[in-house]
Amino acid sequence: MAEIVLDKVTKRYPDGALAVQEVNLEIADGEFIILVGPSGCGKSTTLNMIAGLEDITDGELRIGGQRVNEKAPKDRDIAMVFQSYALYPHMTVKENMAFPLRLAKVDNATVEKKVKEAAEILDLTQHLDRKPSNLSGGQRQRVAMGRAIVRNPKAFLMDEPLSNLDAKLRVQMRTSVSRLQKQLGTTTVYVTHDQTEAMTLGDRVVVMRGGVVQQIGAPQFLYDQPANLFVAGFIGSPSMNFVPATLENGALRSVIGDVTLTDRVRQLVEAADAPREVIMGIRPEHFEDAALVDAAALSSGGKFTHQVDVLESMGSDKYAYFNLTGEQAASAELQELAKDAGSDDVPGDGIPLVTRLSSASGAVEGASADIWFDADKVQLFDPSNGRNLTYTER
Amino acid sequence: MAGIGGAETTGKKWGWGLLNAVVVVYALVPVLWIVSLSFKSSKTLADGNFIPREWSLENYQNIFSTSEFTRALINSIGIAIIATAIAVVFGTMAAYAIARLDFPGKNLLVGVSLLIAMFPQVSLVSPLFEIERSLGLFDTWPGLILPYITFALPLAIYTLSAFFREIPWELEKAAKMDGATPGQAFRRVIAPLAAPGVFTTAILVFIFCWNDFLFAISLTSTEQSRTVPVALSFFTGSSQFEDPAGSIAAAAVVITIPIILFVLFFQRRIVAGLTSGAVKG
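Model, not experiment: these values are computed from the prediction.

K.L.:
How would you explain the overall build of chain A if you had to name every residue and give the values?
P.N.:
The helix and strand tally for chain A stands at 11 helices and 21 strands. Based on the C-alpha atoms only, the size of chain A along its principal axes is roughly 75 × 45 × 35 Å. Counting across all 394 residues of chain A, residues that qualify as buried make up 52%. Nonlocal contacts in chain A, meaning residues at least 24 apart in sequence, comprise 72% of its contacts between residues at least 6 apart.

K.L.:
Explain helix α11 (residues 332-341) of chain A residue by residue, including any values.
P.N.:
Residues and elements named next belong to chain A. Considered for burial, the residues of α11 that qualify are E333, L334 and L337. Here the buried residues of α11 occupy an arc of 95° about the axis, which is enough to place them on one side. For α11, exposure combined with an orientation more than 90 degrees from the buried face picks out Q335 and K339. Elements in contact with the buried residues of α11: β9 (204-209), α8 (229-234), β11 (241-248) and β14 (277-282). Count one or two residues on from α11 and you reach G342, which has phi positive near 80°.

K.L.:
I'd like a description of the sheet that holds strand β15 (residues 287-289) of chain A, backed by residues and values.
P.N.:
Residues and elements named next belong to chain A. With respect to topology, 3 strands assemble into an open sheet ordered β15-β20-β16, the strand pairing being antiparallel. Of all strands in the sheet, those bounded by a partner on one side alone are β15 and β16 (302-307). Here the average twist between neighbouring strands, direction ignored, is 35°.

K.L.:
Outline the environment of I34(A), listing residues and values.
P.N.:
All names here are of chain A. Among the structural elements, I34 can be located in strand β3 (residues 32-36). By relative accessible area, I34 is classed as buried at 0%. Taking the C-alpha atoms as reference points, I34 and F221, separated by 187 residues in sequence, lie 14 Å from one another. Sequence-distant contacts of I34, that is, excluding residues within four places in its chain, are made with Y190, T192, E197, A198, L201, G202, R204, V205 and V206.

K.L.:
How would you summarise the interface of chain A and chain B if you had to cite specific residues and measurements?
P.N.:
Taken residue by residue, the interface counts 27 residues in chain A and 24 residues in chain B. Carbon and sulfur atoms supply 63% of the area buried between chain A and chain B, which totals about 2,300 Å² over both sides. Summed over the shared surface of chain A and chain B, the number is 1 salt bridge. Where chain A packs against chain B, one counts 7 residue pairs in polar contact (both at pLDDT 80 or more). Counting residues per element, the side of chain A that touches chain B draws most heavily on helix α2 (residues 93-103) of chain A, at 4 residues.

K.L.:
Describe the nonpolar core, listing the residues and the values that go with them.
P.N.:
Residue and element names in this part refer to chain A. I34, M97, V115, Y190, V207 and F242 are the most contacted members of the largest nonpolar core, which has 52 residues in total. Apart from residues lying up to four places away in sequence, Y190 is in contact with F32, I33, I34, L35, M158, P161, L162, V177, E197 and L201. By size, the runner-up hydrophobic cluster in this structure holds 51 residues, among which are A2, L6, I27 and C41.

K.L.:
Can you lay out the confidence of the model for chain A for me, pointing to particular residues and giving the numbers?
P.N.:
Across chain A, the average pLDDT comes to 91, with 98% of residues at or above 70. Within chain A, the lowest mean pLDDT, 82, falls on α11(A), and the highest, 96, falls on β3(A).

K.L.:
Which residues make up the confidence of the model for chain B, and what values do they have?
P.N.:
Model confidence for chain B is summarised by a mean pLDDT of 84, while 89% of its residues fall at 70 or above. Scoring the predicted complex yields pTM 0.78 and, for the interface, ipTM 0.81.

K.L.:
Summarise the packing of helix α3 (residues 67-100) of chain B against helix α6 (residues 141-166) of chain B; cite the residues concerned and give the values.
P.N.:
All names here are of chain B. Where α3 contacts α6, the two axes come as close as 6 Å, and the packing angle between them is 40°. Between α3 and α6, the crossing angle belongs to the class labelled oblique. Crossing geometry of α3 relative to α6 is assigned as right-handed. The residue inventory of the contact of α3 with α6, partitioned by class, reads 24 nonpolar, 5 polar and 3 charged.

Conventions used here
Residues numbered from 1 in each chain as written. Chains lettered and ligands numbered in written order. Predicted model: local features only at pLDDT ≥ 70, side-chain atom pairs only at ≥ 80, totals over all residues. Heavy atoms only, no water. Helix = DSSP H or I, 4+ residues; strand = E, 2+ residues; numbered from the N terminus. Buried < 20%, exposed > 50% of the residue type's maximum accessible area, 1.4 Å probe, protein only. Contact = heavy atoms within 4.5 Å. Arc of directions from axis to C-beta. Pairing = 2+ DSSP bridges. Axes fitted to C-alpha atoms, helices over the stretch in contact; angles between N-to-C directions. Buried area = accessible area lost by both parts, 1.4 Å probe. Salt bridge = Lys/Arg side-chain N within 4 Å of Asp/Glu carboxyl O. Polar contact = N/O pair within 3.5 Å; in protein donor to acceptor, adjacent residues only side chain to side chain. Core = buried A, V, L, I, M, F, W, Y, C linked by side-chain atoms within 4.5 Å. pLDDT = per-residue confidence, 0-100. Parallel < 35°, antiparallel > 145°, perpendicular 65-115°, else oblique. Left-handed = near helix turned anticlockwise from the far one by under 90°. Nonpolar A, V, L, I, M, F, W, Y, C, P; charged D, E, K, R; others polar.

Shown next, in the form of structure tokens:
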């Protein structure tokens, strides 16, 4: 158990490509931290540098207060769980789990005891004599975890450990990974591209893009106060809606109606020295069927009427999708997010909008609906650099 | 439609079956002919019957009664095993480096080894003969082992590097994370997984050494290091008028047996999909 400190850690490949740029991160002892971002954002490279599988070009990495830049992986006393599990196919489950202990020259009785303990924690006791090829995906994943926990390392590194499991098992394993980490209290660095895993698992989340840390914070904080367009669009599912808007004398004009900024938002925008043209971001749950909103709220929020494109009823909520006429909000961050989601080549004119309405809503697919949104929940972004103009440290 | 499709596939199957049968018969008839010859007595040797009229072990007794053949057999076995062992050990190391590491001159190394494999051996025989004579290697075991290793190494490196590339690199990373030194990772994780590749390569190299005639006849002169394929060509009948075909056939059958045994023995170890279960899927 130890804290891990990344001090301006940089990775530059021999061909000059910058994979990770000056990452500063202090991971406390016992903390569960998530590195998240689209593919190619440098999260796995960062993890590999902590592991010692890749050299650090610049900066310092300290584990337990000690500089480890030059240490081989085996001397860092950290365990890693790989995306592919990387189990040794010629060894049984037991031998796989015992392997780190055997290398450490631990005596037989202790090896037996530790493997047994780990197998009990992970519910693998009856599979100890089987080979990895005879195990299911979930079992293999647990063996990989077992191999990591047997030797009580200073830290766990996990590289997308759940991404090869099917959806249902992934949810199940997600909770058991979380429980296991709490139970063992070992510092854990977890890499994922799945924002749901990031939201649910971590004490803190590090959002990366293009080798640069975008924001570090508790999941809820990142959700409520994204530092920029990229974090806003990446965290949350369905993701935040982005609509181009114009700021004019304390009012915000856009295709989803004009609203007067609330005092809180106005003060923030003034302090941030906002430009005239902005991108307005608003989460699906901050919309509501206008018929279900009381009069006081109705007058302070924004309102628009448009034909419902698609309506999905989830039982507890209804998701209404709109396709508004107008130019889509454009910025480098949004383009990258669309590319990551694979929707960059989906043809579409107009502005897509997702709203989450109460199940009591009378909205009907194909018919017009009156939709209200909460003016105080609006976030405004600078289109030139993606900065959140309404960001507060709160 | 389905009927026609079915007829077509059945027709295709028959066509392929026939073709395969022709190939198998074409390859096996001479072998069976040799076997048949080896069991014929000297009187019935030239009677042209496929199945011997009288079975006899005369030819086998003959070849084992003189040292000409037995000594050659010992030479063949010794030289082929030593050459195979050395080529496989060096080949494994070289192939691992080629598959895993990026080092300056890697492409040059691969290119040169390919060049050696492509080089017409016959053009090297005369210079080798001169070199070995002046070095005192002519007509010795090392005199054959060295050229065999030279020509078997490219083969070994190529086959083995293909096998090493198949082994997921993450296994090695995992071993490193588990506390293994590079040497331990190689010995305890990579080598056991590469074993089928090593055995396959060993078989190929062994067969190459075992079958060689060109070097063996050019670089040997006496029983001291003459291998079986060469010794066969020196077979004579017990008298000038006797045809040695029976003895040659018997010797040919005998030298085929080790190859068959070798393949059968190692076949069990060449288990496909040994690495399944290491990674997803």
